[in-house]
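Close look at the chain arrangement
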Amino acid sequence: MTVRKAFFLGAQPESPLTGLPQSRYLQSSMTHSNLHSPVVKSLGVIVLAAGQGKRMKSSLPKVLHSIAGEPFLHLILLRLRETCPSSPVAIVVGHGREAVESSVRADPRFADMALTFVVQPEQLGTGHAVRCAMDSDWGKQFTGSSKAILVLPGDLPLIRREMLAELIQPLGRTSALRMLTTDLVEPTGYGRVIRRGTRGGVLKIVEEKDASARERLVREVATSIYCFAAGFLKSGLSKLRPTNAQNEYYLTDLVAMASRSKKGIEVLKWEQPEDLRGINDPWEWSEAGRILNRRIVREWARSGVYFRDPETVWIDSSVKFAEGVYVEPGVLFRGKTEVGSGAKIGPQCVLENATIGEGAALKAGSVIVDSVVGDQSQVGPYAHLRPGSEVGPQSKIGNFVELKKSRIGRKTSIAHLSYVGDAEVGSEVNIGCGFVTCNYDGQKKHKTIIEDRAFVGSDCQVVAPVTIGQGAYVASGSTVTENVEADALAIARSRQINKPGYARVIRGEMPSKEK
Ligand code: UD1
Ligand code: CA
């Protein structure tokens, strides 16, 4: 294939997700050298993923909803893998737990992480979920004073590596926990951080449903991300009571508990609230998707990809671009798509697991799925390359042409209104307008072979299996049912008869002699 890996911009496929430019990352308090420090090794991570996500109104478990082509849970695990790759992680599952588990297990990127699934049989609240993990065999390894537990909800997929790196720094000796907060202009739905006075220490977190009118005015919110001293966490969890508006065991009550017993509460306030968007309903899903997409598009634009209208282009995190690619409005790039340098992608194209060669041009509305377009080739407008198609270099696949599981050689032209399925088409072949491979007999698919330099006139069908030899001609309007040998001319249509004056007979203007 002509698209070379080395040509792709951005060293890491996931780099757009890290958001910050490399220089800023290197300045952050966490560097690679302390990734495997003993501090991190004594860290356990609990990811809460048992909730149904009622507000999502979907049968898919909430944490398996995707943005930028990645389920929320996978995005979170990727960030953990970057920050604390060797820490034991417990994923608390309940609703749709088989689906959640198999989605994670099927992703090879997580194969080297220490992942344990812990079942929360009934969803009795975030505190109960954490307790399920801590009371399990997994939780037993975290006894002793220096152990810390990072807790993450499964519905905050926009979290940053830098954020986690700060959160897992060693806790102060007298601290019970470190909590991540942020200021929101629109805090509805979030737990509010209640402080002693306006700037004083944290007293408690009050959930929206339990908050007084005055408490609801507070804009500093709890994010559900905490780093707990393991000892405090264990004893605190056993003291939780579901005495609140939702009759749930709230993890957030541990904050009030720490405050009452005069234990240290460290607060990390994150300046970019965008990174802490929780997703609870389809609207929040849209917004989070837009935020992540903007990060990805911006990163590629900074590396040399031209987007005429960045707001309307959607790029999965797994997509790769070489430099000098031009992208018109409304294009979707999905899955493992790779776009070679200088390629031009026209408006409203959809690319899914597509490989686009250098200098290739996709014109408006083309859909390319699991297929390859060679260097300098042109496709569209409104062409459809279905799975398993491969177009060689400098070829032309024109408007309203559908290819399926077909290989097309170099400098071949299929320029108008055709269906080519299960075919091998050679190089320098010309196929006229309105060509159809009749590849299906009702039971099986059959193969069509069209060899190099063959010329197929307009409005032909070939009934497969059939081969058209090198340099052969097929006359326009033919239905080819038998092989055509090299350099032959095939005419497979009935001879024309002209009946002079007969049109008038049809119109009733003249009696027919034959009558
Ligand atoms: C939670 C916090 C709130 C915070 C908000 C931030 C509590 C009580 N509230 O509210 O302070 O502002 O997150 O996004 O903690 N889960 C389980 N088992 C359960 C319940 C929940 O695993 O029994 C999981 C969910 O799948 C989800 C996460 O915990 O991933 C958070 O639960 P959710 O119901 O979304 O909490 P919020 O109402 O958003
Ligand atoms: Ca939530």
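Residues numbered from 1 in each chain as written. Chains lettered and ligands numbered in written order. Predicted model: local features only at pLDDT ≥ 70, side-chain atom pairs only at ≥ 80, totals over all residues. Heavy atoms only, no water.

Here we look at the side chain of Asn 244
Considering the arrangement of structural elements, one finds Asn 244 in the loop between helix H10 (230–239) and helix H11 (253–260). A distance of 2.9 Å separates the side chain of Asn 244 from the backbone nitrogen of Asn 247, its partner in a polar contact. Setting aside chain neighbours within four positions, we find Asn 244 in contact with Asp 210 and Tyr 250. (Helix = DSSP H or I, 4+ residues; strand = E, 2+ residues; numbered from the N terminus. Polar contact = N/O pair within 3.5 Å; in protein donor to acceptor, adjacent residues only side chain to side chain. Contact = heavy atoms within 4.5 Å.)

Things to note about the confidence of the model for the chain
Low-pLDDT stretches of the model should not have their predicted coordinates read in fine detail. Residues of the chain with pLDDT of at least 70 account for 91%, and the chain-wide mean is 92. For the stretch residues 10–40, pLDDT sits under 50, and the model shows 52 contacts to residues farther than four places along the chain or on other chains. (pLDDT = per-residue confidence, 0-100.)

Here we look at the coordination of the calcium ion (ligand 2)
Ligation of the calcium ion (ligand 2) by protein atoms is provided by Asp 155 (OD) and Asn 280 (OD1), these donors lying 2.2 to 2.5 Å from the ion. Linking Asp 155 in the loop between strand E6 (148–153) and helix H8 (161–167) with Asn 280 in the loop between strand E11 (264–269) and helix H12 (282–302), this pair joins segments that are 125 residues apart in sequence. Comparing Asp 155 with Asn 280 shows no difference in burial state: the two are buried. (Donors = N, O, S within 2.8 Å, 3.2 Å for Na, K, Ca; no water. Buried < 20%, exposed > 50% of the residue type's maximum accessible area, 1.4 Å probe, protein only.)

Digging into H10
Each α-helix winds once per 3.6 residues, and so residues spaced three or four apart point in a common direction. Where H10 is concerned, the buried positions are Ala 230, Phe 232, Leu 233, Gly 236 and Leu 237. For H10, the angular spread of buried residues about the axis comes to 150°, placing them on one side. Contacts made by the buried residues of H10 are with helix H6 (126–135), E6, strand E7 (175–183), strand E10 (220–229) and H11. (Arc of directions from axis to C-beta.)

Some details on the packing of aromatic side chains
For any pair of aromatic rings, geometry is given as the distance between the ring centres together with the angle between the planes. For the structure on display, the rule yields nine aromatic pairs. Taking 4.6 Å as the distance between ring centres and 10° as the angle between the ring planes, the aromatic pair formed by Tyr 306 and Tyr 326 counts as stacked. In this pair, Tyr 306 sits in strand E12 (residues 306–307) while Tyr 326 sits in strand E15 (residues 326–327), placing the two residues 20 residues apart along the sequence. Overall, the relative accessible area of 45% leaves Tyr 306 in the partly exposed class. Ring centres of Phe 307 and Phe 321 lie 6.2 Å apart, and the angle between their planes is 85°; on these two criteria the pair is classed as edge-to-face. Here Phe 321 lies in strand E14 (residues 320–321) and Phe 307 lies in strand E12, a separation of 14 residues in the sequence. Phe 321 carries the same exposure label as Phe 307, and that label is buried. Ring-pair connections join several aromatic residues into one group, and the members of that group are Trp 300, Phe 307, Phe 321 and Phe 333. Looking at Lys 445, its charged tip hangs above the ring of Tyr 440, at a distance of 5.2 Å from the centre. Of note, Lys 499 hangs over the ring of Tyr 502, and the distance from its end group to the ring centre comes to 5.4 Å. (Phe/Tyr/Trp six-rings, centres within 6.5 Å; stacked < 30°, edge-to-face > 60°. Lys NZ or Arg CZ within 6 Å of the ring centre and 35° of its normal.)

As for the packing of helix H4 (residues 72–83) against helix H5 (residues 97–105)
Here H4 crosses H5 at 45°, and the two axes come no closer than 10 Å. Between H4 and H5, the angle falls in the class oblique. In this structure, the crossing between H4 and H5 has a hand that is right-handed. Where H4 approaches H5, its residues Leu 73, His 74 and Leu 77 are matched on the opposing element by Val 100, Ser 103 and Val 104. Class assignment for the residues of the contact of H4 with H5 results in four nonpolar, two polar and no charged. (Axes fitted to C-alpha atoms, helices over the stretch in contact; angles between N-to-C directions. Parallel < 35°, antiparallel > 145°, perpendicular 65-115°, else oblique. Left-handed = near helix turned anticlockwise from the far one by under 90°. Nonpolar A, V, L, I, M, F, W, Y, C, P; charged D, E, K, R; others polar.)

A short note on the site of ligand 1
The full set close to ligand 1 counts 25 residues, and Gln 120, Thr 126, Gly 191, Glu 207 and Ala 222 are the nearest of them. Taking Gln 120, its side chain carries an N or O atom lying 2.7 Å from a nitrogen atom of ligand 1. Relative to its free-state accessible area of 760 Å², ligand 1 is covered by the protein chains to the extent of 90%. Counting only elements with at least two residues in the shell around ligand 1, the list comes to strand E1 (43–49), H6 and E10. Among the residues making up the shell around ligand 1, the classes are represented as 10 nonpolar, 11 polar and four charged. (Near = heavy atom within 4 Å. Areas by Shrake-Rupley, 256 points an atom, 1.4 Å probe, with all protein chains shown as cover.)

Description of the state of the cysteines
Within this structure, the stated rule accounts for zero disulfides. Here Cys 84 is not cross-linked by a disulfide; its sulfur's nearest cysteine counterpart is in Cys 227, at 9.7 Å. Between Cys 438, a cysteine without a disulfide, and Cys 460, which holds the nearest cysteine sulfur, the sulfur-to-sulfur distance is 11 Å. (Disulfide = S-S within 2.5 Å.)

Focus: the pattern of salt bridges
Tallied over the entire structure, the rule returns 28 salt bridges. Between Arg 386 and Glu 402 there is a salt bridge, and its shortest N-O distance comes to 2.5 Å. Pair noted here: Arg 386 is in the loop between strand E25 (384–385) and strand E26 (390–391) and Glu 402 is in strand E27 (residues 396–404), with a separation of 16 residues, a long-range link. Between Lys 404 and Asp 422 there is a salt bridge, with its nearest N and O atoms 2.9 Å apart. Of the two residues, Lys 404 sits in strand E27 while Asp 422 sits in the loop between strand E29 (413–421) and strand E30 (423–425), which places them 18 residues apart along the sequence. Residue class for Asp 422 comes out buried when judged on its relative accessible area of 9%. One connected set of salt bridges, linked through shared partners, spans Glu 274, Arg 290, Arg 294 and Glu 311. (Salt bridge = Lys/Arg side-chain N within 4 Å of Asp/Glu carboxyl O.)

Details of the domain arrangement of the chain
Each assigned domain of the chain is listed here: domain 1 (41–276) and domain 2 (304–490). The C-alpha centroid of domain 2 is placed 49 Å from the C-alpha centroid of domain 1. (Domains from an automatic or database assignment.)

Remarks on the pairing of E29
Burial within E29 is extensive, with seven of its nine residues counted as buried. As defined by bridge partners, E27 adjoins E29 across seven bridges and the pair is classed as parallel. Bridge pairing in E29 links Leu 403 to Val 420. (Pairing = 2+ DSSP bridges.)

Points about H12
An ideal rise of 1.5 Å per residue puts 30 Å on 21 residues; H12 measures up with 30 Å between its terminal C-alpha atoms. Burial in H12 covers these residues: Ala 288, Gly 289, Ile 291, Leu 292, Asn 293, Arg 295, Ile 296, Val 297 and Trp 300. Two or three places before Trp 283, at the start of H12, stands the capping residue Asp 281, its side-chain oxygen 3.1 Å from that residue's backbone nitrogen. In the segment just after H12, Gly 304 is the residue with positive phi, at about 115°. (Expected span 1.5 Å × (residues − 1).)

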